[in-house]
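Remarks on the overall topology
Chain by chain, the residues run as shown.
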Amino acid sequence: MGRTEEFLALRPLLFSIAYRILGSVSEAEDVLQNTWLRFDAYPGEPRSPKSFLSTAVTRSSIDVLRSARVQREEYVGTWFPEPLVDDPYEDPARAAELADSVSLASLLLLERLSPLERAVFVLREVFDFGYPEVASAVGRSEAACRQLAVRARDHMAAGRTRFTADRTEHSELASRFFDALRDGDLAGLQKVLAADVSMVGDGGGNAPQLARAIIGAANVARLLASVFPRMVRLDITIEQHEINRQPGAIVRDRDGRVLTTVVLDVLDGQIQAIRSVINPDKLRHLGAVADAWELNREVRAMGN
């Protein structure tokens, strides 16, 4: 197998590692591009292409994350990871770990870890790398990596909420939610929302966004039922998708451009959280992006 074929065969794994460390599709793609250039230019024959490439991706991701953390501290409003519609890596033996680790809730918990803790957690707990492989990838001793893994697991366990994994149940609940959303069905929305549901948006200062989280089923349902029917009259479409391996949707404007993504956290047959990304900088990998400001003006005009 030539280098191109070796890289392409490992690319799904490499992307999935980089995305989980970085929480960004665009940054993960940049890391993979730089990794390919290093691999292609490497003068010798790596003993293990997987080890060489995983190490290169991990170290590059750590460097990018260290730089990105400063920008995230200065971010306008709530910061969410870039939405991932298709996670390219599949491993039936680790399906639960892969799905949990890419959920928005888990990615936000990973933000609490140091870059090294995050990398060690991703390699060890998500992808089941052995400690010798982890140590090689992050450039630390095995003993140090074990300590990093313990700290990372403790941080993650302290903030984690376990969501049910029945994908069929999730899809059906999401369908009921999005149908009620299109119709402005206040009662229908309240039926699927948990009493203490929260709704938060990430506009990054580049798009209209909520000034603060909306809390409570009545408040969330009332706001959604008042706004979305107007948007439907402006020919927006709601395409139900799994996003970050959670039930969700891509919302498009009348010209098919991406306006926002919506992700639902589900537990005990109810929606516990609604998270949307409307920052255009985080949506460009999904296609042409809508002008959210213009649509917002049109929606407001319809309410006058």
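Residues numbered from 1 in each chain as written. Predicted model: local features only at pLDDT ≥ 70, side-chain atom pairs only at ≥ 80, totals over all residues. Heavy atoms only, no water.

What to know about helix 1 (residues 3-22)
R11 marks the point of greatest bend in helix 1, at about 50°, and the proline P12 comes within the next four residues. Counted residue by residue, helix 1 has 14 buried out of 20 residues, so it is predominantly covered. At the C-terminal side of helix 1, G23 shows a positive phi close to 70°. (Bend = angle between axes of the 7 residues up to and from the residue. Helix = DSSP H or I, 4+ residues; strand = E, 2+ residues; numbered from the N terminus. Buried < 20%, exposed > 50% of the residue type's maximum accessible area, 1.4 Å probe, protein only.)

Notes on the packing of aromatic side chains
Taken as a whole and assessed by the stated rule, the structure comprises seven aromatic pairs. On the basis of an interplanar angle of 65° and a centroid distance of 6.3 Å, the ring pair of W36 and F39 is categorised as edge-to-face. Residue W36 and its partner F39 are located together in helix 2 (residues 25-41), separated by three residues, close to a single helical turn. Feature note: the residues F7, W36, F39, Y42 and F52 constitute an aromatic cluster, connected by ring pairs. One residue, K50, lies across the ring of F129, its end atom 5.1 Å from the ring centre. (Phe/Tyr/Trp six-rings, centres within 6.5 Å; stacked < 30°, edge-to-face > 60°. Lys NZ or Arg CZ within 6 Å of the ring centre and 35° of its normal.)

Some words on the pairing of strand 6 (residues 270-277)
Judged by how many residues are buried, strand 6 sits mostly within the fold: six of eight residues are covered. Taken together, the six bridges between strand 1 (residues 193-202) and strand 6 define a ladder with parallel strand orientation. Following the sheet pairing, V200 is matched in strand 6 by R275. Alignment of strand 5 (residues 258-267) against strand 6, held across seven bridges, turns out to be antiparallel. Among the inter-strand pairings, L264 is bridged to a residue of strand 6, identified as I274. (Pairing = 2+ DSSP bridges.)

Any link to function would need more than the numbers given here.
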